[in-house]
Amino acid sequence: MEIDTPPSSSIDQQESSSSTTPKPNTENDKSPLPVCILVLGMAGSGKTTFIQRINAYLHSLHRPPYIVNFDPAVHELPYPCNVDIRDTVNYKQVMKQYNLGPNGAIITSLNLFSTTFDQLLTILNKNEQKHEHFIFDTPGQIEVFTWSASGTIITESLGATYPTVVVYIMDTPRSSNPITFMSNMLYAVSILYKYRLPFIIVLNKTDIIHHRFAIEWMNDFELFQQAIEQQHTYSSDLTRSLSLVLDEFYQNLRCVGFSSITGDGCKEFFDAVTDAKQEYDQVYKVEYDKWQKRREKRDKQKQEQDLKRLKDDLRDDGDHLIGHKNLNDIEDDTDDENDDESEKEDNEEKDDKQFEQYMKKVKH
Ligand SMILES: Nc1nc2c(ncn2[C@@H]2O[C@H](COP(=O)(O)OP(=O)(O)OP(=O)(O)O)[C@@H](O)[C@H]2O)c(=O)[nH]1
């Protein structure tokens with residue numbers, strides 16, 4: 001069975017608000033839409049520090065971004081934030097009230113926040129002329145965002161409304177172990193295939209270790225095999241097999257070395273964003289529009305089928321009520337009854353006339 005999913009899917013959220021209707025976004029637009037940069041990554045990979053760095057970089061270019069924080073559990077943010085989930089949902093209260101642990105409370109907070117997401121889209125809409133970039137920080141527990149219903153609603157609603165790029169932050173020093181590297185890449189590929197949005201991998205913390213080894217592992221399968229061969233564990237066998245599968249994924253991957261501490265890689269990162277935005281316009285947006293048309297057609301067909309079924313059901317119910325006669329018969333029966341009635345009236349009239357004639361005869 002063919003499963004027809006959107007390029008980034010459930011868009012019902014933004015259908016409820018006129019301000020969130022997908023907008024045209026061509027190369028010739030006078031004021032192109034801002035790019036949404038959705039920052040994901042494992043706990044401690046440096047998401048928040050990365051956003052602090054790119055925020056400072058954009059400010060230095062006099063192109064300040066609009067920043068939204070989706071992490072309800074963060075203590076302090078090292079950058080000024082325009083919209084903060086913590087202003088809407090109190091994470092500690094959620095824990096107490098619903099008797100939840102930290103991860104459950106983050107998911108519930110995100111769920112609560114996503115119910116007001118159309119309001120955020122309206123705010124973004126009002127700010128789209130003033131900013132070139134909307135940046136989104138996400139919770140450290142990556143699975144809480146990527147595999148939750150609210151994370152999906154948020155990402156897909158953004159993807160349907162604005163050019164959206166998923167940025168996956170990788171901790172480069174930690175990924176210098178081939179098995180950790182492979183685990184990180186598997187996570188990245190699963191997110192890429194889930195959202196199908198343009199994707200950038202940021203190899204962060206290059207001030208500690210240069211990201212060259214990671215690029216070489218991606219470009220040269222043999223080199224990665226050699227690195228794994230030094231590890232004799234069950235997971236190294238698994239990693240060897242998986243690396244074959246990921247070869248295709250590496251081919252079209254945008255990878256940028258970055259240091260959130262020194263700021264190295266800022267320009268390269270924004271070059272990659274420009275490239276990813278083009279991919280959004282040329283591939284994702286086109287696919288999304290096609291999907292939207294297919295969905296409208298399917299909805300119309302479904303409406304027609306429902307209407308037909310309703311008519312059939314009504315007919316069946318009618319049969320049941322009057323003892324296996326259909327609705328047309330009901331009309332026919334009514335006609336018959338009317339006919340009987342008028343025949344009776346005619347007969348009575350005839351009888352009256354005959355009686356009058358008889359009386360006249362008797363009188364004479
Ligand atoms: N040397 C170095 N340290 C970094 C870099 N980026 C982040 N860090 C450090 O890594 C640690 C984690 O950084 P955060 O920005 O809090 O990471 P995060 O992914 O937002 O963390 P969670 O929100 O807990 O998931 C901090 O101690 C940062 O100072 C970098 O580029 N180089």
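About the criteria used
Residues numbered from 1 in each chain as written. Predicted model: local features only at pLDDT ≥ 70, side-chain atom pairs only at ≥ 80, totals over all residues. UniProt positions renumbered as here; feature names shortened; annotations may be inferred. Buried ≥ 20, exposed ≤ 12 C-beta atoms within 10 Å, placed from the backbone. Helix = DSSP H or I, 4+ residues; strand = E, 2+ residues; numbered from the N terminus. Arc of directions from axis to C-beta. Pairing = 2+ DSSP bridges. Right-handed = clockwise from strand over helix to strand, strands pointing away. Near = placed C-beta within 6 Å. Nonpolar A, V, L, I, M, F, W, Y, C, P; charged D, E, K, R; others polar. Contact = placed C-beta atoms within 7 Å. Axes fitted to C-alpha atoms, helices over the stretch in contact; angles between N-to-C directions.

Looking at an unreviewed UniProt entry, the protein carries the name GPN-loop GTPase, with the source organism given as Didymodactylos carnosus. In UniProt, the protein has this text filed under Sequence similarities (unreviewed entry): "Belongs to the GPN-loop GTPase family." Listed under Function (unreviewed entry) in UniProt, the entry text for the protein is "Small GTPase required for proper nuclear import of RNA polymerase II (RNAPII). May act at an RNAP assembly step prior to nuclear import."

As for helix 6 (residues 117-127)
Given 3.6 residues per helical turn, the α-helix brings residues three or four places apart onto the same face. Leu120, Leu121 and Leu124 are the residues of helix 6 that are buried. Projection of helix 6 onto a plane perpendicular to its axis shows the buried side chains occupying an angular sector of 100 degrees, all on one side.

Structural notes on the pairing of strand 5 (residues 164-171)
By the criterion of burial, strand 5 is predominantly enclosed, with 7 of the 8 residues buried. Where strand 5 lies against strand 6 (residues 199-204), 6 bridges are found, and the strand directions are parallel. Note that in strand 6 the partner of Asp171 across the bridge is Asn204. Crossover connection from strand 5 via helix 9 (residues 178-195) to parallel strand 6: handedness right-handed.

Some remarks on helix 10 (residues 212-219)
All buried positions along helix 10 are accounted for by Ala214, Trp217 and Met218. Each buried residue of helix 10 sits inside an arc of 95 degrees when the element is viewed along its axis, so together they form one side. Facing away from the buried side of helix 10 by more than 90 degrees, the exposed set consists of Arg212, Glu216 and Asn219.

Topic: the site of the ligand
In the region of the ligand, 16 residues are neighbours, and Gly46, Thr48, Thr49, Gly140 and Ser260 sit closest. Counting residues per element, the shell around the ligand draws most heavily on helix 2 (residues 47-60), at 3 residues. Each residue belonging to the shell around the ligand can be placed in one class, and the counts come to 3 nonpolar, 10 polar and 3 charged.

Some remarks on the sheet that holds strand 1 (residues 35-41)
In a beta sheet, neighbouring strands pair by backbone hydrogen bonds and run either parallel or antiparallel. Read from one edge to the other, the open sheet built from 7 strands follows the order 3-2-4-1-5-6-7, with strand pairing classed as parallel. Sheet topology places strand 3 (83-84) and strand 7 (254-257) at the edges, where each strand pairs with a single neighbour. Here strand 1 runs beside strand 4 (residues 133-137); their pairing, made up of 5 bridges, is parallel. Opposite Cys36, over in strand 4, you have Phe134 as the bridge partner. Contacting strand 1, strand 5 and strand 6, helix 9 crosses the sheet at an angle of about 170 degrees to strand 5.

Section: the environment of Met95
If you trace the backbone, Met95 turns up in helix 4 (residues 91-98). According to the C-beta neighbour criterion, Met95 is partly exposed, with 18 such atoms within 10 Å.

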